[in-house]
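# Fold and geometry: a report
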Amino acid sequence: RKEVEQDPGPFNVPEGATVAFNCTYSNSASQSFFWYRQDCRKEPKLLMSVYSSGNEDGRFTAQLNRASQYISLLIRDSKLSDSATYLCVVNDNAGKSTFGDGTTLTVKP
Amino acid sequence: DGGITQSPKYLFRKEGQNVTLSCEQNLNHDAMYWYRQDPGQGLRLIYYSQIVNDFQKGDIAEGYSVSREKKESFPLTVTSAQKNPTAFYLCASRGWGTEAFFGQGTRLTVV
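Residues numbered from 1 in each chain as written. Chains lettered and ligands numbered in written order. Predicted model: local features only at pLDDT ≥ 70, side-chain atom pairs only at ≥ 80, totals over all residues. Heavy atoms only, no water.

## Some words on the side chain of Ser 30 of chain A
Mapping Ser 30 of chain A onto the fold places it in the loop between strand 3 (19-25) and strand 4 (32-38). If we skip the residues at most four places from it in the chain, Ser 30 of chain A touches Tyr 25, Arg 66, Val 90, Asn 91 and Asp 92 of chain A. (Helix = DSSP H or I, 4+ residues; strand = E, 2+ residues; numbered from the N terminus. Contact = heavy atoms within 4.5 Å.)

Shown next, in the form of structure tokens:
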């Protein structure tokens, strides 16, 4: 089993749709969690951190469920510019930083 | 400007040759990472280092070597033992408890 597993995707949605991505992790000692966005042939860039209390940044909402060991990302009112690959990242208490395989989102007019 | 720099951006290697990819950061980060990404795939961890003169194998370390002689630098050598080295290589660094910052990557092609 992979340490970090994401929804396989791809997700193809119309503009204005709401889409949710899920990510599960196996190490219960994991300490910090993030969502990254990666555009084609570019490096990943931080989208948002994920906190236990949940956090929101505009149209994006991230949630963490430590008991069930999963994190989620919700995108509301999808824009064409949201088309990208979304990666979840889990950092353990030994400094290891593990990425999921990513979920590709395509938003269509 | 603070940041993380990888060089070169594109690299071509003949089969059987070793090649070293450079990664430098001036963010004063303790931890540095090397990942490999194949087309349409996620990032796989090769090596990581939490502190100078110490590093750990990631999930796919075979055929690669690293050194961490300085806090700012974490070069990756792709050796001839790596059977399928053509890939996009990404270096990252992060401070304690913070997110990782990436370099722009090096695309290695074996010719």
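## Points about the sheet that holds strand 6 (residues 55-57) of chain A
Residues and elements named next belong to chain A. Strand order in the open sheet made by the five strands is 1-3-8-7-6, with antiparallel pairing throughout. At either end of the open sheet lies a strand with only one pairing partner, and these are strand 1 (4-6) and strand 6. Neighbouring strand axes in the sheet, compared pairwise and without regard to direction, differ in orientation by 15° on average. (Pairing = 2+ DSSP bridges. Axes fitted to C-alpha atoms, helices over the stretch in contact; angles between N-to-C directions.)

## Describing the interface of chain B and chain A
The partner chain A presents 20 residues to the 22 residues of chain B that form the contact. Roughly 1700 Å² of surface becomes buried between chain B and chain A when both sides are summed, with 51% attributable to carbon and sulfur atoms. Looking at the side of chain B facing chain A, the largest losses of area belong to Leu 43, Glu 99 and Phe 102 of chain B, adding up to 26% of the total buried there. Here chain B and chain A share one salt bridge between them. Between Lys 96 of chain A and Asp 59 of chain B there is a salt bridge; the shortest N-O distance is 3.3 Å. On inspection of chain B and its partner chain A, the count reaches seven residue pairs in polar contact (both at pLDDT 80 or more). The dominant element in the side of chain B that touches chain A, judged by the number of residues it contributes, is strand 5 (residues 43-51) of chain B, at four residues. Of the residues in the side of chain B that touches chain A, the class split is ten nonpolar, eight polar and four charged. (Buried area = accessible area lost by both parts, 1.4 Å probe. Salt bridge = Lys/Arg side-chain N within 4 Å of Asp/Glu carboxyl O. Polar contact = N/O pair within 3.5 Å; in protein donor to acceptor, adjacent residues only side chain to side chain. Nonpolar A, V, L, I, M, F, W, Y, C, P; charged D, E, K, R; others polar.)

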